[in-house]
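Below, each chain spelled out in residue letters.
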Amino acid sequence: MSVAANRRRSMSQRPGSQPASRQGSLEEPLFAPGAQEAEEGGQPGVIADGRFVSMEHYSQRAQWLRAGVLGANDGLVSVASLMMGVGGGSEDAKTLVLSGVAGLVGGALSMAAGEYISVYSQKDSQEADMAKERQAQEHGPQMRQYELEELAKIYEDRGLPKELAHQVAVHFTKHDVLTAHARDELGIDPDDLANPLQASVASAISFSIGAGIPLLSAAFIKDHVTRLAVVLAASTVALAVFGAVGAALGGASTIRGAIRVVIGGVIAMLVTYGVGRLFGV
Ligand SMILES: [Zn+2]
């Protein structure tokens, strides 16, 4: 079971961001039971409730969710800290809520802009890499032969016998040479290039969800001290949840993940509260 699970998992792994030619070495046992499970968080089950669960879809969704949780965590910590700081310096409810709203909008837009720029430049370099492969193919028979041998070497490095690696490279070259080089040499899925707009909207939304927690928990409470206490308490609970979920999606210990995130967030909130008191009226 375990061996089969590992084999299926390793076949469903997609090339990551590192050059594919450096993946997979022969020194490590490829399908040693447990070896990969330990690395990837000890979730060997591809069969759950008698159903076949695709590991590929699972890990892709997990990546998405994890980015979302991190964004929400950002929004929560920055807006909760902002509000604690303002609350430390002023007892005015309107000021507190206003600072939360401004923090949410400013933070979400800043996240969106930053994400857009970073993903756009990633997409740019992916496209430039693919353009180079296209030029190589158009450069003439000698260059095409070089590219073919390059591809065969990649498959050989991944563990295929020399002869078979060459055959596979020839087949893929005939079938769709650019996709083969993009996927196996560059680690890019040409059908699934990074999408800057999608990434920026997603990060703005996840930031806003996190930021909404301290904002909403403060909005309806009259007494100043209670209000700050509720912001602190609600944010701490949410931090624990985000930390645990983020850790679980990354395959790490949920308790340690929760504690780490709670400690970091609470320190941020208390420090800004102290600064707010110091400079407050
Ligand atoms: Zn190439």
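Colleague: Can you help me understand the overall build of the protein in this one?
Modeller: Within the protein one finds 9 helices and 2 strands. Going residue by residue from the N terminus, the α and β elements of the protein occur as α-α-β-β-α-α-α-α-α-α-α. In the protein, which comprises 281 residues, the share counted as buried stands at 30%. Counting only contacts in the protein whose residues sit at least 6 apart along the sequence, the fraction spanning at least 24 positions is 74%.

Colleague: Sorry if this is basic, but what is going on with the nonpolar core here?
Modeller: As a rule of thumb, soluble globular proteins bury nonpolar side chains together. Ranked by size, the top nonpolar core spans 37 residues in total, and within it L76, V79, A80, M83, M84, V231 and F242 carry the most contacts. For this core, the secondary structure elements donating two or more residues are α3 (55-89), α4 (93-138), α7 (196-219), α8 (224-249) and α9 (254-279). Setting aside anything within four residues of it in sequence, one finds A80 in contact with P214, V231, S235 and M269. Among the nonpolar cores identified, the runner-up in size contains 6 residues, and L151, A152, A169 and A180 belong to it.

Colleague: What's the story with the packing of α4 against α7 in this structure? I'm lost.
Modeller: The axes of two packed helices give the description: the angle between them and the distance between them. In contact at an axis separation of 8 Å, α4 and α7 are set at 165° when each is read in the N-to-C sense. Overall, the two elements α4 and α7 adopt an arrangement that is roughly antiparallel. Seen from above, α4 lies across α7 with right-handed handedness. Class assignment for the residues of the contact of α4 with α7 results in 21 nonpolar, 7 polar and 2 charged.

Colleague: How should I be thinking about α7 in this particular structure?
Modeller: The end-to-end C-alpha separation of α7 is 34 Å, in line with the 34 Å expected for 24 residues at 1.5 Å each. At G212, α7 shows its largest kink, close to 30°, and the proline P214 lies no more than four residues downstream.

Colleague: Sorry if this is basic, but what is going on with helix α6 (residues 162-186) here?
Modeller: For an α-helix, 3.6 residues make a turn, and residues three or four places apart therefore share a direction. For α6, with 25 residues, the first-to-last C-alpha span of 21 Å runs short of the 36 Å given by 1.5 Å per residue. Helix geometry: α6 is bent most strongly at D176, by close to 125°. Of all the positions in α6, only A169, A180, H181, A182, D184 and L186 are classed as buried. On the buried face of α6, the contacting elements are α4 and α5 (141-157). Where α6 terminates, the next one or two residues include G187, which has phi positive at roughly 70°.

Colleague: Before we go on, may I ask you to explain the confidence of the model for the protein in this structure?
Modeller: In regions of low pLDDT, the predicted coordinates are not meant to be interpreted in detail. Of all residues in the protein, 78% attain a pLDDT of 70 or more, and the chain-wide mean is 83. Note that residues 1-45 has pLDDT below 50 and, in this model, 52 contacts with residues that lie over four places away or in other chains.

Reading the values: the criteria
- Residues numbered from 1 in each chain as written.
- Predicted model: local features only at pLDDT ≥ 70, side-chain atom pairs only at ≥ 80, totals over all residues.
- Helix = DSSP H or I, 4+ residues; strand = E, 2+ residues; numbered from the N terminus.
- Buried ≥ 20, exposed ≤ 12 C-beta atoms within 10 Å, placed from the backbone.
- Contact = placed C-beta atoms within 7 Å.
- Core = buried A, V, L, I, M, F, W, Y, C linked by C-beta atoms within 7 Å.
- Axes fitted to C-alpha atoms, helices over the stretch in contact; angles between N-to-C directions.
- Parallel < 35°, antiparallel > 145°, perpendicular 65-115°, else oblique.
- Left-handed = near helix turned anticlockwise from the far one by under 90°.
- Nonpolar A, V, L, I, M, F, W, Y, C, P; charged D, E, K, R; others polar.
- Expected span 1.5 Å × (residues − 1).
- Bend = angle between axes of the 7 residues up to and from the residue.
- pLDDT = per-residue confidence, 0-100.

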